[in-house]
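So the chains spell out like this:
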Amino acid sequence: MTHTQWYKDRVFYQIWPRSFKDGDGDGLGDLWGVYEKLDYIRSLGVDGIWFSPLYPSPGVDCGYDISDYMDIAPEFGGMAAFDKVLEGAHARGMKVIMDLVVNHTSSRHEWFQKSRRRIDPYTDYYIWRPGKANGRLPNNWDSLFEGKAWQFDEVRGEYYLHLFAIEQPDLNMDNPLVREEVKKILRFWLDKGVDGFREDVITFISKADGLPNDRLMPAARGLRKYNHGPHIHQYLREFYDDVLADYDCMTLAEAPMVNPKKALTYIEEKPGQEIDMMIQFQTMNADCLATEYVHLPFSLRKLKRAWSRWQRGLEGRGWNMLYLENHDHPRVISRYGSERMRERSGKALAVAYLFQKGTPFIYQGQEIGMTNWYPEDPEMYEDVQTRWHYFNIATRKSPEKRLRRLWLASRDSARTPVQWTDGPNAGFTEGEPWFYVNGNYREVNVARAEADPDSLLNFYRRAVALRKRLPVVRDGSYREYDALSGRRYVYAREGAGQRLLVVCSFSEAEQRFRAPAGFDLGAAELALQNYPDAPVDALRPYECRVYLWQRQAAPRYSCAKSPTTGSGS
Ligand code: NOJ
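All values reported here derive from a predicted model rather than from experimental measurement. (Residues numbered from 1 in each chain as written. Predicted model: local features only at pLDDT ≥ 70, side-chain atom pairs only at ≥ 80, totals over all residues. Heavy atoms only, no water.)

## Section: the overall build of the protein
Basically, it comes down to this: Strands are runs of DSSP state E lasting at least 2 residues, helices are runs of H or I lasting at least 4, and numbering of each runs from the N terminus. For the radius of gyration, the atom set is restricted to C-alpha positions; the globular benchmark scales as 2.2 Å times the number of residues to the power 0.38. Type-normalised accessible area, obtained with a 1.4 Å probe on protein chains alone, sets the label of each residue: buried when under 20%, exposed when over 50%, and partly exposed for intermediate values. When checking whether two residues touch, look at their non-hydrogen atoms; a contact exists if any pair is within 4.5 Å. Residue exposure ignores everything except the shown protein chains as possible cover, and the areas themselves are Shrake-Rupley values with a 1.4 Å probe. Counting rule applied: Lys, Arg positive; Asp, Glu negative; His and chain ends not counted. Working definition for charges: the position is that of NZ of Lys, CZ of Arg, CG of Asp or CD of Glu.
For the protein, the helix and strand inventory stands at 16 helices and 18 strands. Expected size for 569 residues packed as a compact globule is a radius of gyration near 25 Å; at 25 Å, the protein falls within 12% of this value. Projecting the C-alpha coordinates of the protein onto the three principal axes gives extents of approximately 95 × 55 × 50 Å. Taken across its 569 residues, the protein has 60% of its residues classed as buried. Counted over contacts in the protein with a minimum sequence separation of 6, partners at least 24 positions apart contribute 69%. Summing over all exposed atoms, the protein offers an accessible surface of approximately 22,900 Å²; the carbon and sulfur share of this is 49%. The positive charge centre, built from 77 side chains, and the negative charge centre, built from 78, are 7 Å apart in the protein.

This is the structure we're talking about:
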């Protein structure tokens, strides 16, 4: 089957189902809620949806701990609701991709329950090891969520590996039977009609032979031994050859610690390509060191370097996935923009990434400028990683300091319910919401944004529509200007008879601006901007502009008017 690369023309919307919209009044977002909002999603100009996990799950990691891969959780509406949503999305011209989480399962998954009892064929489905002498663990790896990466299981009398929560045991992908299970899952959903997968930490699925100790920095020990492991390409290739090659589908791989060169070993567009796009983390690190928990002041230069590195690094060889937010990171306006200039900076951020080359993803709530959440009590946090951090790490720091760290770092900020109205529970549910609604919902909500032609929401619509109208955004070259500026991001796109200049201020203060040499702004169309009035010489706070030059199509001969005798010109 030909892979038509349809994803190159699309804009995706990510739904984190628990907090998107509750349709049945139980306080938890669900597929009935999604069904209600399909027209809204489409109205953004979006034509693809990525669903974070919808499968049955105990919910220790909000669905990323799956107990049945071939079903939809009853609390999300079950398979009947999914079928309706899939049909409804397709009827509106939207593709649908699922989250494939196969580095680990839930410990409640039947495979694990049988594996711990050594019931074949499941005995070696997971990574089991006896402890070492003197009660030492099998190796020194850390879990990314809580403590060490090994948990002793009384039933089996051995340790199992869990790179994430204790209830998320890692699958043993070296076992061919496990790989067959993955292929069954892929086929099941593709045969159902889904259009592809976002593959959760897929670069972790092959662990170094012998599971050796690692000497990397504490708290991420092991990362070098299980990320991009020795058989990763073999396994991904196998999934491709045995299943994905038969469908015109798309794959998007989540890949921590990857640079463009490494990414190309997976996504380079040549025979043997394993994956279509990668979720890289470098553009998420402009205010931190590898993780949001090690906070640094925001550096636009760092962000621009990462953006340009990926634009240039993949040029002509691979395809970028573009994003500012997802369910694993705090809200971008609070990080890279300004809460004081919420909508203005949200627009600048939107323009900064939407006109780059690649496939953009918009995370639920991003389009209305939802911001971080600042609870007073650490007990209000829900996320397993966040709670571990507060209660077990840096405990010698004062509670106030630790709480402030969560405000900056916790992914729960991206998981509060979507704010639909200024009514009770922000219109998210008629029941008791499963999680706290951000207190700013009276000001920040979809209904209010709909009513305001200048809202961030309507700006997103215009930006997406413009992007789709201009072939240069899909195919043109990328060139950054003013790379050393720490206050503005300027880049050009060129090709297909069109030229774009994108200018974004990342400052609350006005700044001087001169167009790069060779760009005659007077001859350009100002195709998009976030100030109502004509631009001045200076760049105003968080101002963004998209200038467009188009080569005029040669005038066509028309019978109605003679080109020589026509009155008008
Ligand atoms: C990455 C997912 O995006 C995140 O939400 C999850 O907690 C981990 N992988 C573990 O599945």
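## Regarding the nonpolar core
Rule in force here: Throughout, nonpolar core names a set of buried Ala, Val, Leu, Ile, Met, Phe, Trp, Tyr and Cys residues whose side chains join them through atoms within 4.5 Å. Start and end positions for the domains come from either an automated domain assignment or a database one.
The biggest cluster of nonpolar side chains holds 139 residues, and the ones touching the most others in it are Leu-31, Phe-82, Trp-189, Phe-355 and Phe-506. When residues of this core are assigned to domains, at least three map to each of domain 1 (110-161) and domain 3 (475-553). The residues contacting Phe-82, other than those within four sequence positions of it, are Leu-31, Leu-54, Ile-72, Met-98, Trp-189, Lys-192 and Val-194. Formed by 18 residues, the second largest nonpolar core is a distinct cluster that contains Ile-127, Tyr-159, Leu-163 and Phe-204.

## With respect to the packing of helix α11 (residues 342-354) against helix α15 (residues 456-469)
Definition in use: Axis angles are defined between N-to-C directions and span 0 to 180 degrees, where every axis is a line fitted to C-alpha atoms and, for a helix, only to the segment in contact. Should an angle lie under 35 degrees it is considered roughly parallel, over 145 roughly antiparallel, and from 65 to 115 roughly perpendicular; all remaining angles are considered oblique. In this scheme the handedness of a crossing depends on how the near helix is turned from the far one: anticlockwise by less than a right angle means left-handed, clockwise means right-handed. Residues are grouped as follows: Ala, Val, Leu, Ile, Met, Phe, Trp, Tyr, Cys and Pro are nonpolar; Asp, Glu, Lys and Arg are charged; every other residue, Gly included, is polar.
Put simply, α11 and α15 touch, their axes get as near as 10 Å, and they point 15 degrees apart. Classed by the angle they form, the pair α11 and α15 counts as roughly parallel. Handedness of the crossing formed by α11 with α15: right-handed. Note on element contacts: α15 touches α11 through Leu-456, Phe-459, Tyr-460, Ala-463, Val-464 and Arg-467, opposite Glu-343, Gly-346, Lys-347, Ala-350, Val-351, Tyr-353 and Leu-354. For the contact of α11 with α15, a count of residues per class yields nine nonpolar, one polar and three charged.

## Focus on the site of the ligand
Heads up, the rule is: Proximity is defined per residue: any heavy atom of the residue falling within 4 Å of a molecule or strand makes that residue near it. Any N or O atom pair separated by 3.5 Å or less is treated as a polar contact, with the protein-specific requirement of one donor-capable and one acceptor-capable atom, and with residues adjacent in sequence counted only for side-chain atom pairs.
In the neighbourhood of the ligand, the contacting residues comprise Asp-61, Tyr-64, His-104, Phe-145, Phe-164, Arg-198, Asp-200, Glu-254, His-327, Asp-328, Arg-411 and Arg-415. Residue Asp-61 places a side-chain N or O atom 2.5 Å away from an oxygen atom belonging to the ligand. In the complex, the protein chains occlude 98% of the 290 Å² of accessible area that the ligand would expose alone. Here the shell around the ligand is composed, by residue class, of three nonpolar, two polar and seven charged.

## Focus: a nonpolar patch on the surface
For clarity, the cut-off: By definition, no residue in a patch forms a salt bridge, and every one has over 30% relative accessible area; like charges are joined within 9 Å, nonpolar side chains (Val, Leu, Ile, Met, Phe, Trp, Tyr) within 5 Å. Any carboxyl oxygen of Asp or Glu within 4 Å of a side-chain nitrogen of Lys or Arg constitutes a salt bridge here.
A cluster of nonpolar residues, Leu-289, Val-294 and Leu-296, forms a patch on the protein surface that exposes about 230 Å² of accessible area. Mapping Leu-289 onto the fold places it in strand β10 (residues 288-289).

## Topic: the side chain of Lys-304
In this structure, Lys-304 sits in helix α9 (residues 300-314). Note on Lys-304: relative accessible area 1%, which makes it buried. Beyond its immediate stretch of four places on either side in the chain, Lys-304 contacts Glu-480, Asp-482, Ala-483, Ser-485, Arg-488 and Tyr-489.

## Some words on the packing of aromatic side chains
For the record, the criterion: Aromatic contacts are taken between Phe, Tyr and Trp rings whose centres are within 6.5 Å, Trp giving its six-membered ring; a plane angle under 30 degrees counts as stacked, one over 60 as edge-to-face, and the others as tilted. The rule for a charge over a ring is simple: NZ of Lys or CZ of Arg within 6 Å of the ring centre, and within 35 degrees of the ring normal.
Per the counting criterion, the structure on display carries 39 aromatic pairs. Plain terms: the ring middles of Phe-82 and Trp-189 are 5.5 Å apart, the flat faces sit at 85 degrees to each other, and that makes the pair edge-to-face. One end of the pair, Phe-82, is in helix α3 (residues 78-91); the other, Trp-189, is in helix α5 (residues 176-192), and 107 residues separate them in sequence. In textbook terms, an aromatic cluster arises when at least three aromatic residues are bridged by ring pairs, as seen for Tyr-55, Tyr-69, Phe-82, Trp-111, Tyr-122, Tyr-125, Phe-188 and Trp-189. For Lys-95, the ring lying beneath its charged end belongs to Trp-6, and the centroid distance is 4.7 Å.

## With respect to the sheet that holds strand β12 (residues 321-323)
Filter applied, for reference: DSSP bridges decide pairing: two strands pair if at least two such bridges lie between them.
Overall, parallel pairing links the eight strands, which are arranged β9-β8-β7-β3-β2-β1-β13-β12 in an open sheet. Sheet topology places β9 (277-279) and β12 at the edges, where each strand pairs with a single neighbour. Ignoring strand direction, the axes of neighbouring strands in this sheet form an average angle of 25 degrees. Contacting β12 and β13 (359-363), α11 crosses the sheet at an angle of about 150 degrees to β13.

## Quick look at the domain arrangement of the protein
Size of an interface: often given as the accessible area lost when the parts come together. Its domain assignment divides the protein into domain 1 (110-161), domain 2 (377-409) and domain 3 (475-553). Here the C-alpha centroids of domain 1 and domain 3 sit 55 Å apart.

## Focus: the sheet that holds strand β14 (residues 477-481)
Sheet strands pair via backbone hydrogen bonds, and the direction of the pair is either parallel or antiparallel. Pairing in this open sheet of five strands is antiparallel, and the strands run β14-β15-β16-β18-β17 from one edge to the other. Here the strands that pair on one side only, and so sit at the sheet edges, are β14 and β17 (525-529). Taking each pair of neighbouring strands and ignoring which way they run, the sheet shows an average axis angle of 20 degrees. When β17 meets strand β18 (residues 544-550), the two strands line up antiparallel, connected through four bridges. Bridging from a neighbouring strand, Glu-525 pairs with Leu-548 of β18. Lying on the sheet, α11 is in contact with β15 (488-495), β16 (498-505), β17 and β18; it crosses β16 at an angle near 145 degrees. Across the sheet, α15 is in contact with β17 and β18; its angle to β17 comes to roughly 140 degrees.

## What to know about unusual backbone geometry
A cis amide bond links Asp-120 to the next residue, Pro-121, at an omega of 5 degrees. Following the sequence through the fold, Pro-121 ends up in the loop between α4 (110-115) and β4 (128-129). One non-glycine residue, Leu-211, adopts positive backbone phi at about 45 degrees. Looking at the element boundaries, Leu-211 is found in the loop between β7 (196-199) and α6 (223-226). Owing to a relative accessible area of 9%, Leu-211 belongs among the buried residues under this scheme. The phi torsion at Met-257 lies on the positive side, around 55 degrees, for a residue other than glycine. Mapped onto the fold, Met-257 is located in the loop between β8 (250-254) and α8 (260-267).

## Here's the deal with the side chain of Glu-199
As for its placement among the helices and strands, Glu-199 is situated in strand β7. The buried charged residue Glu-199 lacks any salt bridge, with Arg-198 as its nearest oppositely charged partner at 9.4 Å. Setting aside anything within four residues of it in sequence, one finds Glu-199 in contact with Leu-100, Leu-236, Thr-251, Leu-252, Ala-253, Glu-254 and Ile-275.

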